[in-house]
Amino acid sequence: MLFETPKDEFLLYAIALEYRKLDKLDDAIEILEGLLESHDDYLPVYYQLGHLYAEQGGREQAIDIFQKGIALAQTRGDRRTMGELSEALMLLED
């Protein structure tokens, strides 16, 4: 499927989640970062990438990505995602 649609954001996101399940966190981060470069409006990436950064000790990177995701969710009026990202940010800042 990836060969047919190499820029499909959902497919790339799903692959990153599979890498995460396999404990291949660097691979998951690489895919999610690339996804943000090409599809910075794909909101689900912000939550997952923020958590991966935090797990890898990148607290400041996680804070930054959560804040960007919150801003995007707010622009879109997506209160549910904004709440999830805000909660993740709050837990990280404690």
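Placed above this text is the structure.
Thresholds applied
Residues numbered from 1 in each chain as written. Predicted model: local features only at pLDDT ≥ 70, side-chain atom pairs only at ≥ 80, totals over all residues. Heavy atoms only, no water. Phe/Tyr/Trp six-rings, centres within 6.5 Å; stacked < 30°, edge-to-face > 60°. Helix = DSSP H or I, 4+ residues; strand = E, 2+ residues; numbered from the N terminus. Buried < 20%, exposed > 50% of the residue type's maximum accessible area, 1.4 Å probe, protein only. Core = buried A, V, L, I, M, F, W, Y, C linked by side-chain atoms within 4.5 Å. Contact = heavy atoms within 4.5 Å. Salt bridge = Lys/Arg side-chain N within 4 Å of Asp/Glu carboxyl O. Expected span 1.5 Å × (residues − 1). Arc of directions from axis to C-beta.

Considering all chains together, one arrives at 1 aromatic pair under this definition. Summarising the aromatic geometry, the rings of Y13 and Y42 are spaced 5.7 Å apart at their centres and angled 75° between planes, so their arrangement reads as edge-to-face. A residue pair is termed long-range when its members are at least 10 positions apart, and Y13 in helix α1 (residues 9-21) and Y42 in the loop between α2 (25-38) and α3 (44-55) qualify at 29 residues. Take Y13: its relative accessible area is 12%, and that puts it in the buried class. Classification of Y42 by relative accessible area gives buried; the value is 16%.

Moving on, we come to the nonpolar core. Among the nonpolar cores identified, the biggest contains 28 residues, and L32, L35, V45, Y46, L49, I65 and F66 are the most heavily contacted of them. Of all the secondary structure elements, the ones that give two or more residues to this core are α1, α2, α3, α4 (59-76) and α5 (79-93). If we ignore the near neighbours within four places in the chain, the residues touching Y46 are L36, D40, I65, F66, K68, G69, L72 and L85.

This brings us to the side chain of Q48. Counting through the fold element by element, Q48 comes out in helix α3. By relative accessible area, Q48 is classed as buried at 13%. Ignoring anything within four residues of it in the chain, the contact list for Q48 reads Y13, L17, R20 and L32.

A word on the pattern of salt bridges. In total, this model carries 6 salt bridges according to the counting rule given. The partner of D41 in a salt bridge is R76, and the shortest N-O contact between them spans 3.8 Å. Highlighted residues: D41 in the loop between α2 and α3 and R76 in helix α4, separated in sequence by 35 residues. Salt-bridge contacts for D64 lead to K68; the nearest nitrogen and oxygen are separated by 3.2 Å. On the criterion of helical spacing, the pair formed by D64 and K68 is a turn pair, its members being 4 residues apart in helix α4. In this structure D64 comes out as partly exposed when scored by relative accessible area, which is 35%. By relative accessible area, which is 47% here, K68 ends up partly exposed.

A word on the environment of R59. Relative to the elements of secondary structure, R59 occurs in helix α4. Spatially, the C-alpha atom of R59 lies 8.7 Å from that of E93, the residues being 34 residues apart in sequence.

We now examine α5. The end-to-end C-alpha distance of α5, which contains 15 residues, comes to 21 Å, matching closely the 21 Å that a straight helix rising 1.5 Å per residue would cover. For α5, the complete set of buried residues consists of T81, L85, A88, L89 and L92. Along α5, the residues classed as buried sweep out an arc of 100° about the axis, all on the same side. Across α5 from its buried face, at more than 90 degrees, point the exposed residues R79, R80 and L91. Those residues of α5 that are buried are in contact with α3 and α4.

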